[in-house]
Amino acid sequence: MIDETRDYEAIIAALQEIAGEVQVCTACELHKGRTRAVPGEGPVDAEIMLIGEAPGFNEDQQGRPFVGAAGKLLEELLAEIGLTRDDVWIGNVVKCRPPQNRDPRPEEIAACAGYLERQIALLQPKLIGTLGRYSMEKFFPGARITKVHGQAKRDGARVLIPLFHPAYVLRNMSALPDAKRDIHKIPRLLARLEQVLAEEAAAQAPAEEARQDEPGMTQPEQLSLF
Ligand code: SF4
């Protein structure tokens, strides 16, 4: 959704600058084996940002995130809520493929973290969906995906929700109903966030504060979200 207070041309330029840095980055060992780095992609005004773990074989070949079988399932899950991959921004915790698709190491995640943080700061998504363990660990430290998947939490003007990684679902098709249930929460979470932010903004307005000071008026309920 377009926000007229934001300078999208400048944001696109900054995102392209990050992508350029990623393409030539040598900050961790993963640069040695990459064919193409995968900076991430999506619309600059995306409300939803999905963050996976690391590029796999197909992603490394094409320089694009989630283009293999897991990407196809991700597209099917997004279709459940009327979205396509062109409606969301998709990226990864590390931008280069680990050898033999091994898990990214802590030092690699740490070396790459600054790129993702800059991307989040530029995109300002209203909702971040983590896909898989390493992405979840960044926003839900110590959590276990099988316990917390689909349990959103608010982070300021944003909602975070841990989701199953589509590759995990492909290996464990019994998780598919849960994966669908979790994705179906996203539209409701966005609507609820908008409502609560509007209520909070109204509650902070001077006129509203003055009314609250009048005898007989009750203080606004601090809504517990999600
Ligand atoms: S994974 Fe990240 S930190 Fe490591 S070389 Fe690639 S872009 Fe640089």
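Each remark here, short or long, concerns the structure printed above.
All figures in this text were calculated on a predicted structure; none of them were measured in a lab. (Residues numbered from 1 in each chain as written. Predicted model: local features only at pLDDT ≥ 70, side-chain atom pairs only at ≥ 80, totals over all residues.)

**Examining helix 4 (residues 106-123)**
Link 1 in the chain: Taking 1.5 Å of rise per residue, 18 residues should cover 26 Å, and helix 4 covers 25 Å from first to last C-alpha, within 8% of that figure.
Link 2 in the chain: At Cys112, helix 4 is deflected by roughly 40°, the largest bend along its length.
Link 3 in the chain: Where helix 4 is buried, its residues touch helix 1 (8-23), strand 1 (48-52), strand 2 (89-92) and helix 5 (133-139).
Link 4 in the chain: Trailing helix 4 by a residue or two, Gln124 shows a phi angle of about 45°, which is positive. (Helix = DSSP H or I, 4+ residues; strand = E, 2+ residues; numbered from the N terminus. Expected span 1.5 Å × (residues − 1). Bend = angle between axes of the 7 residues up to and from the residue. Contact = placed C-beta atoms within 7 Å.)

**Regarding the site of the ligand**
Link 1 in the chain: Around the ligand, the structure places 14 residues, and the nearest of them are Cys25, Cys28, His31, Cys96 and Cys112.
Link 2 in the chain: The element that contributes the greatest number of residues to the shell around the ligand is helix 4, accounting for three residues.
Link 3 in the chain: The residue makeup of the shell around the ligand, split by class, is ten nonpolar, two polar and two charged. (Near = placed C-beta within 6 Å. Nonpolar A, V, L, I, M, F, W, Y, C, P; charged D, E, K, R; others polar.)

**Digging into the environment of Gly63**
Link 1 in the chain: With respect to the secondary-structure elements, Gly63 resides in the loop between helix 2 (57-62) and helix 3 (69-79).
Link 2 in the chain: The exposure class assigned to Gly63 is partly exposed, which follows from the 19 C-beta atoms found within 10 Å.
Link 3 in the chain: The spacing of Gly63 and Glu194 is 131 residues in sequence and 34 Å in space, taken between C-alpha atoms.
Link 4 in the chain: Excluding residues that lie within four positions of it along the chain, Gly63 makes contacts with Arg36, Ala37 and Val38. (Buried ≥ 20, exposed ≤ 12 C-beta atoms within 10 Å, placed from the backbone.)

**Description of the pairing of strand 1**
Link 1 in the chain: Most of strand 1 sits inside the fold, with five of its five residues counted as buried.
Link 2 in the chain: Burial along strand 1 is two-sided: the face carrying Ile48, Leu50 and Gly52 and the face carrying Met49 and Ile51 are both buried.
Link 3 in the chain: Of the strand pairs in this sheet, strand 1 and strand 3 (residues 127-131) are connected by four bridges, and their pairing is parallel. If you follow Ile51 over to strand 3, its bridge partner there is Thr130.
Link 4 in the chain: Both strand 1 and strand 2 contribute to a ladder of four bridges, which runs parallel. From the neighbouring strand, Gly52 faces strand 2, where its bridge partner is Asn92. (Pairing = 2+ DSSP bridges.)

**What about the packing of helix 1 against helix 4?**
In helix packing, the relevant descriptors are the interaxial angle and the interaxial distance, both defined with respect to the helix axes.
Link 1 in the chain: For the pair helix 1 and helix 4, the least separation of the axes is 10 Å and the interaxial angle reads 170°. The angle between helix 1 and helix 4 places the two elements in the roughly antiparallel class. Together, Ile11, Ala14, Leu15, Ile18 and Val22 of helix 1 and Tyr115, Arg118, Gln119 and Leu122 of helix 4 make up the contact between the two elements.
Link 2 in the chain: The residue makeup of the contact of helix 1 with helix 4, split by class, is seven nonpolar, one polar and one charged. (Axes fitted to C-alpha atoms, helices over the stretch in contact; angles between N-to-C directions. Parallel < 35°, antiparallel > 145°, perpendicular 65-115°, else oblique.)

**Some remarks on the nonpolar core**
Link 1 in the chain: With 48 residues, the main nonpolar core has Met49, Val88, Val93 and Ile161 as its most contacted residues.
Link 2 in the chain: Among the elements that make up this core, the one with the highest residue count is helix 4 (six residues).
Link 3 in the chain: Beyond its immediate stretch of four places on either side in the chain, Met49 contacts Val88, Trp89, Ile120, Leu123, Pro125 and Ile128. (Core = buried A, V, L, I, M, F, W, Y, C linked by C-beta atoms within 7 Å.)

**Topic: the sheet that holds strand 5 (residues 158-163)**
Link 1 in the chain: Pairing is mixed in the open sheet, where five strands are placed in the order 2-1-3-5-4. Both edges of this open sheet fall to strand 2 and strand 4 (153-155), since each of them pairs with a single strand only. Pairwise comparison of adjacent strand axes, ignoring direction, gives a mean angle of 25° for this sheet.
Link 2 in the chain: Sheet strands touched by helix 8 (residues 176-204): strand 1, strand 3 and strand 5. Its angle to strand 5, the strand with the most contacts, is close to 170°.

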